[in-house]
Amino acid sequence: MELAYRPGGAVRACFFSPTGTTRTVVSAVADVLARALGALSEPFDFTLPAARSAPPPIGPGDVAVVGLPVYAGRLPNLMLPYLNTWAGRDALAVPVVLFGNRNFDDALMELREVLECRGFHTAAGAAFVGEHAFSTTLAAGCPDGEDLARARDFGRAVAQKLRSGPFESPVPVPGRNPAGPYYQPRDRVGRPIDIRKVKPKVSSACIRCGRCAAVCPMGAIDPADVAQCPGVCIKCGACVKGCPVQARYYDDPGYLYHKRELELGYPGRAQVQLFL
Ligand SMILES: Cc1cc2nc3c(=O)[nH]c(=O)nc-3n(C[C@H](O)[C@H](O)[C@H](O)COP(=O)(O)O)c2cc1C
């Protein structure tokens, strides 16, 4: 379908970002895009459960830069019911996924399709790299200055595309459609590693500040007793990386094996990929 940008709306930076890397990239893209279009950049952070009580306020003239991290080669599956409450109202959208150095597999295609199904028209897409939620060495420190320069260049290139006349939508992106199975980690003899029920532990260093409960995107940790995690843990790393005294950790052997395998298998810097 051929589409044209109609000036007058806002640029909405919409993101789910438990450890903050998706937020950093989406904000950089949206800020530059908004400036180049002469529009306002409005953030919509749907990381915490309370923020997901309503969809983002999208207007028909808006451009939504929508970012989620890649989990098992796909979108975080527990976010899908929420994303399916969104109404795109014919706004333009820029799907952005953030992956932790291994691969984004079908996640960008999946996000493009969710947005198109919800009534957005996708104009561009991107896959950026961020420090892996499981690790401090895998894509360590990313997005760094180089990644953010790419994010700003991408924002400028999207603005240029929107301003230079009609364009085809949906934007072509790699990935299977419909998306294939979730990426399956395996142990050294090829047996599947299932970490779905794994929960984070708390060491004696815990000072009961409650930060882990406050930053958990699933509201899974009991704020009255942070040693208890009665809810669903998605292994997003928010509690581990957000703990001011490094008291939270995972000790599940399958989780630790997979983390180590990723650290050894993907030591280099993965490529940012832009689709315009
Ligand atoms: C459960 C889970 C599964 C993940 N699967 C992948 C993956 O398949 N490929 C990859 O490159 N990174 C993967 N990652 C890493 C995340 O994409 C990465 O940590 C992301 O930058 C975190 O985003 P955030 O900082 O916005 O929370 C996974 C992370 C988690 C928590």
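None of these values were measured; they are calculated from a predicted model.

**Brief notes about helix H3 (residues 107-117)**
The periodicity of an α-helix, 3.6 residues per turn, causes residues three or four places apart in sequence to face the same way. Summarising burial for H3: nine of the eleven residues are buried, a large majority. If you check which residues of H3 are buried, you get Ala 107, Leu 108, Met 109, Glu 110, Leu 111, Arg 112, Glu 113, Val 114 and Leu 115. On its buried face, H3 sits against strand E4 (63-69), helix H2 (80-83), strand E5 (92-99), strand E6 (121-122) and strand E7 (125-129). With its phi angle positive at about 100°, Gly 119 sits one or two positions after the end of H3.

**Thoughts on the pairing of strand E3 (residues 41-45)**
Pairing analysis gives five bridges linking strand E2 (residues 11-15) to E3, with the strands arranged parallel. When the bridges of E3 are listed, Arg 12 appears paired with Glu 42. With helix H1 (residues 21-37) bridging E2 and its parallel neighbour E3, the resulting β-α-β unit is right-handed.

**So, the environment of Pro 185**
Within the element layout of this structure, Pro 185 appears in the loop between strand E8 (167-168) and strand E9 (201-202). What makes Pro 185 partly exposed here is the crowd of 17 C-beta atoms within 10 Å. Between the alpha carbons of Pro 185 and Ala 107 there is a distance of 17 Å; along the sequence they are 78 residues apart. Apart from residues lying up to four places away in sequence, Pro 185 is in contact with Ile 193 and His 258.

**Focus: the nonpolar core**
As a rule of thumb, soluble globular proteins bury nonpolar side chains together. Counting 76 residues, the largest nonpolar core has Val 11, Val 29, Leu 33, Val 65, Val 94, Val 96 and Val 97 as its most contacted members. Elements that contribute at least two residues to this core include exactly E2, H1, E4, E5, H3, E7, helix H4 (145-163) and helix H6 (238-242). Each of domain 1 (2-180) and domain 2 (201-259) gives at least three residues to this core. Ignoring sequence-local partners within four residues, the contact set of Val 94 consists of Val 29, Val 63, Val 65, Val 66, Ala 123, Ala 124, Gly 125 and Val 158.

**Details of the packing of H1 against H4**
Between H1 and H4, the least distance of the axes is 8 Å, while the angle of their chain directions is 40°. H1 and H4 meet at a crossing whose hand is right-handed. Where H1 abuts H4, its residues Val 25, Ala 28, Val 29, Ala 30, Val 32, Leu 33, Ala 36 and Leu 37 lie against Asp 147, Leu 148, Ala 151, Arg 152, Phe 154, Gly 155, Arg 156, Val 158, Ala 159 and Leu 162. For the contact of H1 with H4, the per-class residue count stands at 14 nonpolar, one polar and three charged.

**Focus: the site of the ligand**
Every one of the 24 residues lining the ligand counts as a neighbour, but Thr 21, Thr 22, Pro 69, Gly 100 and Gly 130 are closest to it. Secondary structure elements with two or more residues in the shell around the ligand: H1 and E5. The class makeup of the residues in the shell around the ligand is ten nonpolar, twelve polar and two charged. When residues of the shell around the ligand are assigned to domains, at least three fall in each of domain 1 (2-180) and domain 2 (201-259).

**As for the environment of Asn 101**
Within the element layout of this structure, Asn 101 appears in the loop between E5 and H3. Asn 101 gets classed as buried once you count the C-beta atoms within 10 Å, which come to 22. Not counting residues up to four positions away in its chain, the partners in contact with Asn 101 are Val 129, His 132, Leu 138, Ala 139, Tyr 266 and Ala 270.

**What to know about the pairing of E4**
Among the seven residues of E4, seven are classified as buried, and the element is accordingly described as predominantly covered. Neither face of E4 is open: one carries Val 63, Val 65, Gly 67 and Pro 69, the other Ala 64, Val 66 and Leu 68, and all of them are buried. Of the strand pairs in this sheet, E2 and E4 are connected by five bridges, and their pairing is parallel. By the bridge assignment, Val 11 is partnered in E4 with Val 63.

**Observations concerning the domain arrangement of the chain**
Here the chain is partitioned into domain 1 (2-180) and domain 2 (201-259). Each of domain 1 and domain 2 was reduced to a C-alpha centroid, and the two centroids are 27 Å apart. Listed by partner, the interface residues are ten residues for domain 1 and ten residues for domain 2. Along the lines of polarity and charge, the residues of the side of domain 1 that touches domain 2 split into seven nonpolar, three polar and no charged.

**Observations regarding H4**
Look at H4: 27 Å from first C-alpha to last across 19 residues, which is about the 27 Å you get at 1.5 Å a residue. Of all the residues in H4, the buried ones are Asp 147, Arg 150, Ala 151, Phe 154, Gly 155, Val 158, Ala 159 and Leu 162. Tucked inside the fold, the buried residues of H4 contact H1, E5, E7 and strand E11 (273-275). Where H4 terminates, the next one or two residues include Gly 165, which has phi positive at roughly 110°.

The rules behind each value
Residues numbered from 1 in each chain as written. Predicted model: local features only at pLDDT ≥ 70, side-chain atom pairs only at ≥ 80, totals over all residues. Buried ≥ 20, exposed ≤ 12 C-beta atoms within 10 Å, placed from the backbone. Helix = DSSP H or I, 4+ residues; strand = E, 2+ residues; numbered from the N terminus. Contact = placed C-beta atoms within 7 Å. Pairing = 2+ DSSP bridges. Right-handed = clockwise from strand over helix to strand, strands pointing away. Core = buried A, V, L, I, M, F, W, Y, C linked by C-beta atoms within 7 Å. Domains from an automatic or database assignment. Axes fitted to C-alpha atoms, helices over the stretch in contact; angles between N-to-C directions. Left-handed = near helix turned anticlockwise from the far one by under 90°. Nonpolar A, V, L, I, M, F, W, Y, C, P; charged D, E, K, R; others polar. Near = placed C-beta within 6 Å. Expected span 1.5 Å × (residues − 1).

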